[in-house]
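Observations on the three-dimensional arrangement
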Amino acid sequence: MANDHGTVLATMIFNLVAPAGVIAPVGVELRYDSRNPYEISMKLNVGTDGQVDWVIARDLLADGLIAEAGEGDVRIGPRRGFPGLVVIEMSSPSGQASFEVNADQLADFLNDTYDVVEPGDEHRWMNVDEVLSQLLSHNL
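Owing to the predicted nature of the structure, the values given are computational and were not obtained by experimental measurement. (Residues numbered from 1 in each chain as written. Predicted model: local features only at pLDDT ≥ 70, side-chain atom pairs only at ≥ 80, totals over all residues. Heavy atoms only, no water.)

Quick look at helix 1 (residues 58–66) now. Among the residues making up helix 1, those that are buried are Arg58, Leu60, Leu61, Ala62 and Gly64. If you follow the buried residues of helix 1, they end up packed against strand 2 (23–33), strand 3 (39–45), strand 4 (51–57), strand 5 (74–78), strand 6 (85–92) and helix 2 (103–116). (Buried < 20%, exposed > 50% of the residue type's maximum accessible area, 1.4 Å probe, protein only. Helix = DSSP H or I, 4+ residues; strand = E, 2+ residues; numbered from the N terminus. Contact = heavy atoms within 4.5 Å.)

With that settled, the discussion passes to the layout of surface pockets. Taken as a whole, the second largest pocket holds about 230 Å³ of empty space. As for the second largest pocket, its lining consists of 13 residues, and the residues nearest its centre are Val46, Val52, Trp54, Ala97 and Phe99. Elements supplying a minimum of two residues to the lining of the second largest pocket: strand 4, strand 6 and strand 7 (95–102). Counting residues per element, the lining of the second largest pocket draws most heavily on strand 7, at 4 residues. For the lining of the second largest pocket, the per-class residue count stands at 9 nonpolar, 4 polar and no charged. (1 Å grid on protein atoms, 1.4 Å probe; cavity = no way out; pocket = protein on both sides within 12 Å on 5 of 7 lines; lining within 4 Å. Points joined across faces, edges and corners; volume = space filled by probe spheres on them. Nonpolar A, V, L, I, M, F, W, Y, C, P; charged D, E, K, R; others polar.)

Another aspect to go through is the nonpolar core. Of all hydrophobic cores here, the largest spans 30 residues; its most connected members are Phe14, Leu30, Met42 and Leu106. With sequence-adjacent residues up to four places away left out, Leu30 is seen in contact with Val8, Leu9, Ala10, Met12, Phe14, Ile40, Ser41, Met42, Leu106 and Phe109. (Core = buried A, V, L, I, M, F, W, Y, C linked by side-chain atoms within 4.5 Å.)

Here 2 bridges tie strand 1 (residues 7–17) to strand 7, and the two strands are oriented antiparallel to one another. Among the inter-strand pairings, Leu16 is bridged to a residue of strand 7, identified as Phe99. In this structure, strand 6 lies alongside strand 7, joined through 8 bridges in antiparallel fashion. Counted as the bridge partner of Ser92 is Gly95 from strand 7. Counting the residues that bridge the hairpin from strand 6 to strand 7 gives 2 residues. (Pairing = 2+ DSSP bridges.)

Another point: the pattern of salt bridges. On inspection of all chains with the given rule, the structure shows 7 salt bridges. With a closest N to O distance of 3.7 Å, Lys43 and Asp53 form a salt bridge. In this pair, Lys43 is assigned in strand 3 and Asp53 in strand 4, connecting sequence segments 10 residues apart. By relative accessible area, which is 32% here, Lys43 ends up partly exposed. The class for Asp53 is partly exposed, based on a relative accessible area of 48%. For the salt bridge of Arg124 with Asp121, the shortest nitrogen-to-oxygen distance reads 3.9 Å. (Salt bridge = Lys/Arg side-chain N within 4 Å of Asp/Glu carboxyl O.)

Another point: the UniProt feature "transmembrane region" (unreviewed entry) in the protein. UniProt records the feature "transmembrane region" (unreviewed entry) for residues 6–28 in the present numbering. Helix makes up 0% of residues 6–28 and strand 74%, and the two end C-alpha atoms of the span are 20 Å apart. (UniProt positions renumbered as here; feature names shortened; annotations may be inferred.)

All right, on to the environment of Ser133 then. Positionally, Ser133 belongs in helix 3 (residues 128–137). On the basis of relative accessibility, which here comes to 44%, the residue Ser133 falls in the partly exposed class. Residues Ser133 and Asn102, 31 residues apart in the sequence, show an inter-C-alpha distance of 38 Å.

Written out as structure tokens, the structure is:
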């Protein structure tokens, strides 16, 4: 297990695409931590209601910058007919949301995460005993 842990933080604006094509800007904080090398956490500022937290796979974000990727709760892919934009769709039992995001900003963030943990080296940053302990303590 590697010991020089690092984090990458980025703030950006995601454009929430509401029904009838209405666009609403949403402040988002993206965070990558080498202690959880396979995931990216997103904190979406939803105004007076606080924030909504999502966790997505780093590989899913990378794949979604190139082509449509994901199944189920999170899908990511280039916006057809609009070069430079990526669509991130998220759904949960409480609702769904679709965002348009600048592809270059996402790619820059992703590249910064690769400076911390190279693709394919994620397993070197995991403490398997710790992960198993967390899973077992939550009865998962």
